[in-house]
Amino acid sequence: MRTLAAATCLLALIGCQREKRDLRPAPTRVALFGDAARESELQPGGKQSQPLVTNPYDGNAYAISEGGRLYNWYNCSGCHSQGGGGIGPPLIKKDWIYGGEPANLFDTIVKGRPNGMPAWGGKIPENQVWQIVAYVQSLAGDQPQAATARRTDSIEKNPSTIRERPPGVTR
């Protein structure tokens, strides 16, 4: 009887799929992607291939949670509130001013933007910038529901501009 219980526990532990938590990431580096985060399809000399930049923390619940903590730690909420906007633009809208792809969000945080967004490159380690990007994407509904907490849409003044997830879609 004991061996059956031990075997059941062992199978349960083997079958448990946890996400990878990198608590000690590689040494940080300052990463500027140059033309990786384009804001327009207009290119001198015609259309050229674009490097694919992906968020290493995409869909990772722990990283999204850490991104939320860092979002408040670095006082992003001071301008963007909890995604509903304030001095800075809201982060739960359908359309982004400088693009909503992970590379665009990373670029915005690292390089800053005119009229208010400071450049955080060199001040925030790269892995933390990616965690903040994952959190910001979760505010916009671009992360799996299983990895994110429910957002409150009551903070948006104009609910018609909020991006809704289609029914049954978890991503």
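Scroll up to find the structure this text is about.
Keep in mind that what you see is a predicted model, and the values were worked out from it rather than measured.

Caption draft 1: Quick look at the environment of Trp-120. Of note, Trp-120 is situated in the loop between helix 4 (102-111) and helix 5 (126-139). On the basis of relative accessible area, Trp-120 is assigned to the partly exposed category, the value being 23%. Along the primary structure Trp-120 and Asp-107 are separated by 13 residues, whereas in three dimensions their C-alpha atoms are 9.7 Å apart. Apart from the residues lying within four places of it in its own chain, the contact partners of Trp-120 are Tyr-74, Ile-109 and Val-110.

Caption draft 2: Layout of the pattern of salt bridges. Here the structure, examined in full by the defined rule, presents 2 salt bridges. With a shortest N-O distance of 2.8 Å, Glu-66 and Arg-69 are connected by a salt bridge. Of this pair, Glu-66 and Arg-69 both sit in helix 2 (residues 61-73), 3 residues apart, which is roughly one turn of that helix. With relative accessibility at 42%, the residue Arg-69 sits in the partly exposed group. A salt bridge links Lys-111 to Asp-107; the shortest N-O distance between them is 3.4 Å.

Caption draft 3: Quick peek at the nonpolar core. With 25 residues, the main nonpolar core has Val-129, Ile-132 and Val-133 as its most contacted residues. Breaking this core down by element, the ones donating at least two residues are helix 2, helix 4 and helix 5. Here this core takes 8 residues from helix 5, the largest share from any one element. In contact with Ile-132, other than residues within four places in its own chain, are Gly-67, Leu-70, Tyr-71, Tyr-74, Ile-109 and Ile-124.

Caption draft 4: Main features of the packing of helix 4 against helix 5. Two elements in contact, helix 4 and helix 5, have axes separated by 9 Å at closest approach and are oriented at 120°. For the element pair helix 4 / helix 5, the angle class is oblique. Remark: the crossing between helix 4 and helix 5 carries right-handed chirality. Two secondary-structure elements touch here, helix 4 through Pro-102, Leu-105, Phe-106, Ile-109 and Val-110 and helix 5 through Glu-126, Val-129, Trp-130, Ile-132, Val-133, Val-136 and Gln-137. For the contact of helix 4 with helix 5, the class distribution of residues is 10 nonpolar, 1 polar and 1 charged.

Caption draft 5: Up close: the packing of aromatic side chains. Using the criterion set out here, one finds 3 aromatic pairs in the structure. Each ring, one from Tyr-74 and one from Trp-120, has its centre 5.9 Å from the other, and the planes form 55°; the classification is tilted. Separated by 46 residues along the polypeptide, Tyr-74 in the loop between helix 2 and helix 3 (77-80) and Trp-120 in the loop between helix 4 and helix 5 bring together distant segments of the chain. For the cation-ring pair, Arg-113 lies above Tyr-98, with the distance from its terminal atom to the ring centre recorded as 4.4 Å.

Caption draft 6: Spotlight on the environment of Cys-76. When you line up the elements, Cys-76 lands in the loop between helix 2 and helix 3. Distance from Cys-76 to Met-117, taken between C-alpha atoms, is 9.8 Å for residues 41 residues apart in sequence. What Cys-76 contacts, discounting residues up to four positions off in sequence, is Tyr-71 and Ser-81.

Caption draft 7: A look at the side chain of Gln-131. You can see Gln-131 is positioned in helix 5. Taking the relative accessible area as the measure of exposure, Gln-131 reaches 7% and is therefore buried. Ignoring anything within four residues of it in the chain, the contact list for Gln-131 reads Tyr-57, Ala-63, Glu-66, Gly-67 and Leu-70.

Quick notes on the rules
Residue indices follow the written sequence of each chain, beginning from 1 at its first position. Given that this is a predicted model, residues contribute local features only at a pLDDT of at least 70 and side-chain atom pairs are listed and counted only at 80 or more, while totals for whole chains, interfaces and linings are drawn from all residues. Side-chain metrics rest on all non-hydrogen atoms present in the structure, leaving aside hydrogens and water. Each helix is a run of H or I in the DSSP string that is no shorter than four residues. Each strand is a run of E no shorter than two, and both are numbered from the N terminus. Relative accessibility under 20% of the residue-type maximum defines a buried residue, over 50% an exposed one, and the middle range a partly exposed one, all with a 1.4 Å probe and only protein chains included. Residue contacts follow a heavy-atom distance rule, with two residues in contact if any of their heavy atoms lie within 4.5 Å. Within this document, salt bridges are pairs made up of a side-chain nitrogen of Lys or Arg and a carboxyl oxygen of Asp or Glu, the two lying within 4 Å of each other. By convention a nonpolar core is built from buried Ala, Val, Leu, Ile, Met, Phe, Trp, Tyr and Cys residues, the set being connected through side-chain atoms within 4.5 Å. Here, axes are lines fitted to C-alpha atoms. For helices the fit covers the stretch in contact, and angles between N-to-C directions go from 0 to 180 degrees. An angle below 35 degrees is treated as roughly parallel, one above 145 as roughly antiparallel, one from 65 to 115 as roughly perpendicular, and anything else as oblique. For a crossing to be left-handed, the near helix must be turned anticlockwise from the far one by less than a right angle; the clockwise case is right-handed. Any residue that is not Ala, Val, Leu, Ile, Met, Phe, Trp, Tyr, Cys, Pro, Asp, Glu, Lys or Arg is counted as polar, Gly included; the first ten are nonpolar and the last four charged. For this analysis, a ring pair means two rings from Phe, Tyr or Trp (six-membered ring only for Trp) whose centres lie within 6.5 Å, classed as stacked if their planes differ by under 30 degrees, edge-to-face if by over 60, and tilted for the remaining angles. Each ring is checked for a lysine NZ or an arginine CZ that lies within 6 Å of its centre and within 35 degrees of its normal; such an atom marks a charge sitting over the ring.

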